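# Remarks on the overall topology
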Amino acid sequence: MMVTMLLTFSILGKPLLHRSSGAGLIGVFLMFSLIYLLIPQFHREDWKSLVKSLPSNKPVYMITSSSDVLRYYNNSLKVIPLRSDFIGTTVGQEEIIVIPYTAEIHGVDYQKILQEKNYRLVNKKVFRGLELEHWANLNPTEAVK
Amino acid sequence: MKYKILIIFAIAFFIRLIALNQSLWLDEATTARVVQQYNYQEIITKFSPNDFHPPFYYLFMKLWTNIVGYSEVALRMPSVLFSLATGCVVYLITGIWGAVFFLFNPLIFITHKRQGCI
């Protein structure tokens with residue numbers, strides 16, 4: 001549609017709209033652009049704030065192929081695959097941090113996996129659509145197998 | 001007339017700079033990882049065969065980031081400059097109204113043409 005309109009401008013050699021209507025349309029464009037740009041709620045996922053809120057000494061469980069942003073903002077964070085064979089296999093993991101970003105797309109039912117391993121959701125924060133979950137193990141000795 | 005065009009492009013440029021340092025998202029961070037992790041040859045031989053985009057954008061970004069760094073603004077600036085360059089082409093083809101329509105369209109040219117990814 002955009003190309004068609006631009007070509008129409010070119011073929012006719014004059015604007016489709018009257019000058020005042022065109023100015024009005026540009027005013028509407030500018031208004032919506034500024035609303036988007038100036039109000040952070042409309043921006044994309046806030047990885048920057050999420051990474052700042054993470055403790056540096058705890059590993060993060062997530063889909064590793066989607067962890068580029070996490071590594072960009074903090075390359076020293078330990079990222080562990082959000083998979084059944086990795087969860088609960090390390091001693092001292094009474095509480096773990098999970099970022100379930102793209103888990104659904106990858107078909108990983110992480111909630112079921114964690115519940116089966118006696119973990120329970122204890123805290124959840126949202127960073128503009130990006131979820132950060134804390135899961136606690138109800139029975140830590142059984143998780144290490 | 002030339003003065004008017006310069007003002008229009010200056011406004012379009014400054015609008016694109018607003019919140020340019022907002023958080024990266026996945027595809028942009030992938031660009032950052034690729035240009036940090038691979039050299040020019042490896043982008044072609046190791047990364048591209050497993051990706052569905054041609055390698056030229058990443059090769060250009062490798063060159064660009066070697067010069068200006070890996071910050072959010074640095075990663076997004078080529079998209080800003082190329083969108084303005086596209087605006088110049090649109091201006092030459094369609095005239096001032098076409099260029100204005102292109103440069104200030106909020107759905108496409110403000111949001112997508114400032115991202116550090118393909």
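Higher on the page you've got the structure.
Throughout what follows, the structure given in this document is the object of discussion.

Definitions and limits used
Residues numbered from 1 in each chain as written. Chains lettered and ligands numbered in written order. Predicted model: local features only at pLDDT ≥ 70, side-chain atom pairs only at ≥ 80, totals over all residues. Heavy atoms only, no water. Contact = heavy atoms within 4.5 Å. Buried area = accessible area lost by both parts, 1.4 Å probe. Salt bridge = Lys/Arg side-chain N within 4 Å of Asp/Glu carboxyl O. Polar contact = N/O pair within 3.5 Å; in protein donor to acceptor, adjacent residues only side chain to side chain. Helix = DSSP H or I, 4+ residues; strand = E, 2+ residues; numbered from the N terminus. Nonpolar A, V, L, I, M, F, W, Y, C, P; charged D, E, K, R; others polar. Patch = residues over 30% accessible without salt bridge, like charges linked within 9 Å, V, L, I, M, F, W, Y side chains within 5 Å. Areas by Shrake-Rupley, 256 points an atom, 1.4 Å probe, with all protein chains shown as cover. Buried < 20%, exposed > 50% of the residue type's maximum accessible area, 1.4 Å probe, protein only.

With that settled, consider the interface of chain A and chain B. Interface size, as often reported, equals the accessible area lost upon joining of the parts. At the interface, 32 residues of chain A touch 33 residues of chain B. Buried area between chain A and chain B, both sides added, is near 3000 Å², and the carbon and sulfur share of it is 72%. At the boundary of chain A with chain B, the tally comes to 2 salt bridges. Here Asp68(A) makes a salt bridge to Arg33(B), at a shortest N to O gap of 2.7 Å. One can count 11 residue pairs in polar contact (both at pLDDT 80 or more) joining chain A with chain B. The dominant element in the side of chain A that touches chain B, judged by the number of residues it contributes, is helix 2 (residues 19-38) of chain A, at 13 residues. Of the residues that constitute the side of chain A that touches chain B, the class distribution is 20 nonpolar, 6 polar and 6 charged.

Residues and elements named next belong to chain A. Taken together, the side chains of Val 28, Met 31, Phe 32, Leu 34, Ile 35, Leu 38, Ile 39 and Phe 42 make up a nonpolar region of the molecular surface, amounting to roughly 690 Å² of accessible area. Along the chain, the position of Val 28 falls in helix 2. Accessibility expressed as a relative area gives 37% for Val 28, which makes it partly exposed.

Phi angles above zero are rare outside glycine, and Thr102(A) is one such case at about 65°. The topology assignment puts Thr102(A) in the loop between strand 3 (95-99) and helix 5 (110-116). Among the residues examined, Thr102(A) registers a relative accessible area of 15% and is labelled buried. A positive phi angle, close to 55°, is found at Ala19(B), a residue other than glycine. Mapped onto the elements, Ala19(B) comes out in the loop between helix 1 (2-17) and helix 2 (26-37).

Examined against the element boundaries, Ile99(A) turns out to sit in strand 3. Sequence-distant contacts of Ile99(A), that is, excluding residues within four places in its chain, are made with Trp47(A), Leu50(A), Val60(A), Tyr61(A), Met62(A), Leu70(A), Leu82(A), Glu131(A) and Leu132(A).

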